[in-house]
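# Secondary and tertiary structure notes
So the chains spell out like this:
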There are 2 protein chains.
Amino acid sequence: MDQSGSKVKLGSKECSAALTAVGDALYVIGGKWKLRIIIALSEGFTRFNELQRRVEGISARVLSNELKDLELNGFLVRTVQAGSPVVVEYKLTDYSDTLADVLNALRAWGTMHRANIKTRMKEATQATS
Amino acid sequence: MDQSGSKVKLGSKECSAALTAVGDALYVIGGKWKLRIIIALSEGFTRFNELQRRVEGISARVLSNELKDLELNGFLVRTVQAGSPVVVEYKLTDYSDTLADVLNALRAWGTMHRANIKTRMKEATQATS
DNA sequence: CTGTATCCGCCCGGATACTG
DNA sequence: CAGTATCCGGGCGGATACAG
């Protein structure tokens, strides 16, 4: 089959490295909400309630926790401007830009996969009809 | 409950598309184990117990469920060869190759992030010393 | 070996109410 | 608006025992 190097064949060291690296990544940006929050922020939504509306399905409690977590990991900064209405803003840091490749890959794949699923369902319909 | 056509109705479609696409992706390959199992499989481990040893920390029950899920989503195929010891093998499908970019991006980022954390800790040590 | 079934504790996270 | 506190139910997932 792929013995003649058709697939990516890594040495055992690089293999565990892949497992470890992806594990590290998932530990920080894994979970249901982290990346979506980052996307919403990248779209220019900075306020708490804006984000909650934008990231559909998230509760205030969870959003609050996730934001703290993201701040701890250096992806965003929380700023408070005193005033008549106190303005709290969340803004992505430069470090969050390092996720660009991950985000792009995920977005591209998600788009592709959705189209693919539709095709599968159509075929299934035809086959069972 | 949002009655007003909350579907794609915004001027900037790309933004909501990103959220949807990444949401789709996370729905399928999100979670603690999926990608790690795929990596282990890509390393050539095909047997159940091999995978369980390779994907550190996963229990038999969870591994079983994840494998079913991955098979349902077309990432792998389960084959059973009858014999004195029945041989069960899990093999990645071509469709799993579409995840290459995602995996590479995640691996690269995880590696970068780990190095970055080390640097931060060093600096913190120096600052407090 | 390759799983499945059952029990069960724990924690995630929704709902609600409340504060500043 | 921007959260926090509390309650609490469900489910995720570990441990164990068991089946093919």
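Residues numbered from 1 in each chain as written. Chains lettered and ligands numbered in written order. Predicted model: local features only at pLDDT ≥ 70, side-chain atom pairs only at ≥ 80, totals over all residues. Heavy atoms only, no water.

## Describing the environment of Asn73 of chain B
You can see Asn73 of chain B is positioned in the loop between helix H4 (60-72) and strand S1 (76-81). When the C-alpha atoms of Asn73 of chain B and Tyr95 of chain B are compared, they prove to be 9.4 Å apart, with 22 residues separating the residues in sequence. Apart from residues lying up to four places away in sequence, Asn73 of chain B is in contact with Arg120 of chain A together with Val28 and Tyr95 of chain B. (Helix = DSSP H or I, 4+ residues; strand = E, 2+ residues; numbered from the N terminus. Contact = heavy atoms within 4.5 Å.)

## What about the pairing of strand S2 (residues 87-92) of chain B?
The sheet contact formed by S1 of chain B and S2 of chain B spans six bridges and is antiparallel. Looking at the pairing, Gln81 of chain B lines up with Val87 of chain B of S2 of chain B. (Pairing = 2+ DSSP bridges.)

## Points about H4 of chain B
All names here are of chain B. Taking 1.5 Å of rise per residue, 13 residues should cover 18 Å, and H4 covers 18 Å from first to last C-alpha, within 8% of that figure. Along H4, the positions that sit buried rather than exposed are Leu63, Glu66, Leu67 and Leu70. Along the long axis of H4, the arc covered by the buried residues comes to 105 degrees, so they all point the same way. Seen from the buried face of H4, the exposed residues on the opposite side, beyond 90 degrees, are Arg61, Lys68 and Leu72. (Expected span 1.5 Å × (residues − 1). Buried < 20%, exposed > 50% of the residue type's maximum accessible area, 1.4 Å probe, protein only. Arc of directions from axis to C-beta.)

## Focus on the interface of chain B and chain A
With 44 residues of chain B at the contact, the number on the chain A side is 42 residues. Counting the surface lost from both chain B and chain A, the interface buries some 3700 Å², and carbon and sulfur atoms represent 69% of this. Looking at the side of chain B facing chain A, the largest losses of area belong to Leu19, Tyr95 and Trp109 of chain B, adding up to 19% of the total buried there. One can count two salt bridges joining chain B with chain A. (Buried area = accessible area lost by both parts, 1.4 Å probe. Salt bridge = Lys/Arg side-chain N within 4 Å of Asp/Glu carboxyl O.)

## Digging into the pattern of salt bridges
Residue and element names in this part refer to chain B. Summed over all chains, the structure comprises eight salt bridges over all chains. Put simply, Lys34 and Asp69 hold a salt bridge, and the shortest N to O gap is 3.2 Å. With a gap of 35 residues between them, Lys34 in helix H2 (residues 34-42) and Asp69 in helix H4 connect regions that are remote in the sequence. Asp69 gets classed as partly exposed once you look at its relative accessible area, which sits at 30%. Residue Glu43 is joined to Arg54 by a salt bridge in which the shortest nitrogen-to-oxygen separation is 2.8 Å. In this pair, Glu43 is assigned in the loop between H2 and helix H3 (48-54) and Arg54 in helix H3, connecting sequence segments 11 residues apart. Accessibility expressed as a relative area gives 24% for Arg54, which makes it partly exposed.

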